[in-house]
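# Report on the structure
Listed below are the residues making up each chain.
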Amino acid sequence: QVLLVESGGGLVQAGNSLRLSCAASGGTFSTYGMGWFRQAPGKEREFVAAISREYNTLYADSVKGRFTISRTNAYNMLYLQMNSLKPEDTAVYYCAADLTYWGRLHYMYHNWGQGTQVTVSS
């Protein structure tokens, strides 16, 4: 079981950038597939990006070219660099980890952080 703690959320104007971080502890971070998801009020949890143990990446079409997922195994850290933010990016962002899966399906991840709020004003 790995413990995940997100940070870096906040209020920004449209067009600006934020970098989210997810600190992992209690597990061997390098063995986990990792993902970022988001959930806006009244909406389903939505896939944002994922990265495998081998550093392969996947992105939702809505963020491709604007967001970058990365990981630093030496520091047990996952990141999401978000550029050119839009009001529709407003949501609570969650990081997720799983030993046997990485990808778009939120229900396949067994470990979740508590989330960090991102609000983008127009």
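Rules and cut-offs
- Residues numbered from 1 in each chain as written.
- Predicted model: local features only at pLDDT ≥ 70, side-chain atom pairs only at ≥ 80, totals over all residues.
- Heavy atoms only, no water.
- Helix = DSSP H or I, 4+ residues; strand = E, 2+ residues; numbered from the N terminus.
- Rg over C-alpha atoms; globule rule 2.2 N^0.38 Å.
- Pairing = 2+ DSSP bridges.
- Axes fitted to C-alpha atoms, helices over the stretch in contact; angles between N-to-C directions.
- Buried < 20%, exposed > 50% of the residue type's maximum accessible area, 1.4 Å probe, protein only.

## Remarks on the overall build of the chain
Per the secondary structure count, the chain includes 0 helices and 11 strands. Seen in sequence order, the chain has helices and strands lined up from the N terminus as β-β-β-β-β-β-β-β-β-β-β. Radius of gyration (C-alpha) of the chain: 13 Å, near the 14 Å computed for a compact globule of 122 residues. For the chain, the spread of C-alpha atoms along the three principal axes comes to 40 × 25 × 25 Å.

## Comments concerning the sheet that holds strand 7 (residues 67-72)
Across the sheet, which stays open at both edges, the 4 strands sit in the order 1-3-8-7 with antiparallel pairing between neighbours. The open sheet terminates on both sides in strands that have one partner only, identified here as strand 1 (3-7) and strand 7. Put simply, the sheet's adjacent strands are angled 15 degrees from each other on average, direction ignored. As judged from the 6 bridges shared by strand 7 and strand 8 (residues 77-82), these two strands associate in the antiparallel manner. Across the sheet, residue Thr68 finds its bridge partner in strand 8, namely Gln81.

## What to know about the pairing of strand 9 (residues 91-98)
Along strand 9, 7 of the 8 residues are buried, which leaves the element largely enclosed by surrounding structure. Looking at chain direction, strand 9 and strand 11 (residues 116-121) are connected through 3 bridges and run antiparallel. Looking at strand 11, one finds that Ala91 is bridged to Val118. Bridging between strand 9 and strand 10 (residues 111-112) involves 2 bridges; their strand directions are antiparallel. Bridge pairing in strand 10 links Ala96 to Trp112.

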